[in-house]
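# Results of the structural survey
For reference, the chains in residue letters:
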Protein chains: 2
Amino acid sequence: MPAQTWLTALQENGYRLTASRRAVVETVAATHRALTPLEVFDLARESHPELGLVTVYRTLEKLEELHLIQRVHQPHGCQAFISASQGHQHLLLCRKCGQVIFFDGDNLDGLFERVIQDSGYTIQEHWLQLFGLCPACQTTP
Amino acid sequence: MPAQTWLTALQENGYRLTASRRAVVETVAATHRALTPLEVFDLARESHPELGLVTVYRTLEKLEELHLIQRVHQPHGCQAFISASQGHQHLLLCRKCGQVIFFDGDNLDGLFERVIQDSGYTIQEHWLQLFGLCPACQTTP
DNA sequence: ATTTTTATTGAAAATCTTTTTCATTGTAAA
DNA sequence: TTTACAATGAAAAAGATTTTCAATAAAAAT
């Protein structure tokens, strides 16, 4: 949502502010579902037709590096991105419309503890994603 | 591990038993880390040099369809597969050597319940993956 | 304001991965 | 055996992503 925040973040990290980047950022920030690079390209070109696909790839790369967006993994593919508003969050995706909502799962610690005990592994990172139907898509068949 | 079981499963589902399929199945069944199609190809060709990459793709597709293998999602890519021994399981991956172990997380139900309440979504499926270091890789820097 | 420096851009080409096509081969059923 | 047709591998096609490069534009220096 906060397109301006992202632009500022890019600038603060030594990246220049360009019309192309602005178009990409505004597109991703305004969309509440995961978008592939090609989808970003098509949407962003509506407001900035000169945009090149390469720039979309490069901008998404930087946004991911700054943790402003995160990759969404789905059975069909894993090249879609969505705004990663606040820190580490888990995803709940609607299988029909693609709408994504975030939630945090604080109570995973007990499980992790058990797995660490049993396996001898150290745990550095985790992914949790749920798939289902959003309220709207439950009613429309 | 049970290469023969997989071959039987393929046969029972109307697929023919060929030397190429055997080579792919044995390779995946014998490996305890996720393999990409290309890695399967290279490994399987050691014992069956006539194997074509296309057949690897096609065989992996069938094994996945029969739930004998499952896709492993990692930051670097999501085209790797690993044996899916028993039903739905969660993954714990070593970031250094790639070794994968499975665990089940029965106590996620409370979390799911809360998310269902809060979001209004129905939940059909979930993915949980942990990343860390296996005991061996913790000591070798 | 103007100039200078240099990151960024988009088009085209190159790379990689995956899928399709198709004539040939090999498996399983008759 | 013979027959039917699923499965194969090579080559081509299709897609996705990355690299190259000359031109451009943003920010810094003047």
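Residues numbered from 1 in each chain as written. Chains lettered and ligands numbered in written order. Predicted model: local features only at pLDDT ≥ 70, side-chain atom pairs only at ≥ 80, totals over all residues.

## Details of the overall build of chain A
So the rule is basically this: Secondary structure elements follow DSSP: runs of H or I no shorter than four residues count as helices, runs of E no shorter than two count as strands, and numbering proceeds from the N terminus. Residue burial here comes from a neighbour count, namely the number of other C-beta atoms, placed from the backbone, that lie within 10 Å of the residue's own C-beta, with 20 or more meaning buried, 12 or fewer meaning exposed, and in between meaning partly exposed.
The helix and strand inventory of chain A stands at 6 helices and 5 strands. Going residue by residue from the N terminus, the α and β elements of chain A occur as α-α-α-α-β-β-β-β-α-β-α. Oriented by its inertia axes, the alpha-carbon framework of chain A measures out at about 55 × 45 × 25 Å. When each of the 141 residues of chain A is scored for burial, the buried share is 28%.

## Some words on the relation of the copies chain A and chain B
Counted only if it meets this: For this overlay, a least-squares fit was computed on C-alpha atoms, restricted to residues scoring pLDDT of at least 70 in both copies. Each residue gets a C-beta atom placed from its backbone, and two residues are in contact if those atoms lie within 7 Å.
For these two chains of identical sequence, chain A goes onto chain B by a turn of 180° and a shift of 0.0 Å along the axis, with RMSD 0.1 Å. In the structure described here, the two chain copies are related by an operation that fits a two-fold rotation axis. It is Leu128 of chain A whose C-alpha, among those of chain A, lies nearest the rotation axis, at 2.3 Å. Taken together, the interface assignments show that 100% of the residues at the interface of chain A recur at the interface of chain B, consistent with an identical surface on both copies.

## Comments concerning the pairing of strand β1 (residues 69-74) of chain A
Residues and elements named next belong to chain A. Applied cut-off: Here a strand pair is declared whenever DSSP counts at least two bridges between the two strands.
Both β1 and strand β2 (residues 77-83) contribute to a ladder of 5 bridges, which runs antiparallel. Bridge pairing in β2 places Val72 opposite Ala80. Hairpin remark: β1 followed by β2, antiparallel, with 2 residues in the connecting loop.

## A short note on the domain arrangement of chain A
Residues and elements named next belong to chain A. Formally: These domain boundaries are the output of an automatic or database domain assignment. When residues are sorted by character, Ala, Val, Leu, Ile, Met, Phe, Trp, Tyr, Cys and Pro go into the nonpolar class, Asp, Glu, Lys and Arg into the charged class, and all the rest, Gly among them, into the polar class.
The domain architecture assigned to chain A consists of domain 1 (1-86) and domain 2 (88-136). If you average the C-alpha positions of domain 1 and of domain 2, the two centres end up 24 Å apart. Domain 1 puts 8 residues into the contact, and the matching count from domain 2 is 7 residues. Among the elements that line the side of domain 1 that touches domain 2, the one with the most residues is β1, at 3 residues. For the side of domain 1 that touches domain 2, the per-class residue count stands at 3 nonpolar, 4 polar and 1 charged.

## What about the protein's contact with DNA strand C?
Rules: In this text, near has one meaning. A residue is near a molecule or strand if its C-beta atom, placed using the backbone, is within 6 Å of it.
Taken together, 22 residues form the shell around DNA strand C, and within it Tyr15, Gly52 and Thr55 of chain A together with Leu17 and Gln79 of chain B come nearest. Those elements giving two or more residues to the surface near DNA strand C turn out to be α2 (19-30) and α4 (53-65) of chain A together with α3 (37-47) and α4 (53-65) of chain B. Counted by class, the surface near DNA strand C contains 10 nonpolar, 7 polar and 5 charged residues.

## Looking at the interface of chain A and chain B
The interface is formed by 31 residues belonging to chain A together with 31 residues belonging to chain B. Looking at the side of chain A that touches chain B, the elements with two or more residues in it are β3 (90-94), β4 (100-103), α5 (109-119), β5 (122-133) and α6 (135-139) of chain A. Ranked by residues supplied to the side of chain A that touches chain B, first place goes to β5 of chain A with 12 residues. As judged from the 11 bridges shared by β5 of chain A and strand β5 (residues 122-133) of chain B, these two strands associate in the antiparallel manner. Looking at the pairing, Phe131 of chain A lines up with Glu125 of chain B of β5 of chain B.

## Structural notes on the protein's contact with DNA strand D
Close contacts around DNA strand D come from 20 residues, with Leu17 and Gln79 of chain A together with Tyr15, Gly52 and Thr55 of chain B the closest. Within the residue set of the surface near DNA strand D, elements represented by two or more residues are α4 of chain A together with α2 (19-30) and α4 of chain B.

## A look at α2 of chain B
We apply this condition: By definition here, a helix of n residues has an expected span of 1.5 Å times n minus one.
Here α2 of chain B is 12 residues long and its end C-alpha atoms lie 16 Å apart, about the 16 Å a rise of 1.5 Å per residue gives. Taken together, the buried positions of α2 of chain B are occupied by Arg21, Ala23, Val24, Val25, Thr27 and Val28 of chain B.

## Observations concerning the environment of Arg45 of chain A
All names here are of chain A. You can see Arg45 is positioned in helix α3 (residues 37-47). A count of 16 C-beta atoms within 10 Å places Arg45 in the partly exposed class. Here the alpha-carbon distance between Arg45 and Gln4, two residues 41 residues apart in the chain, equals 19 Å.

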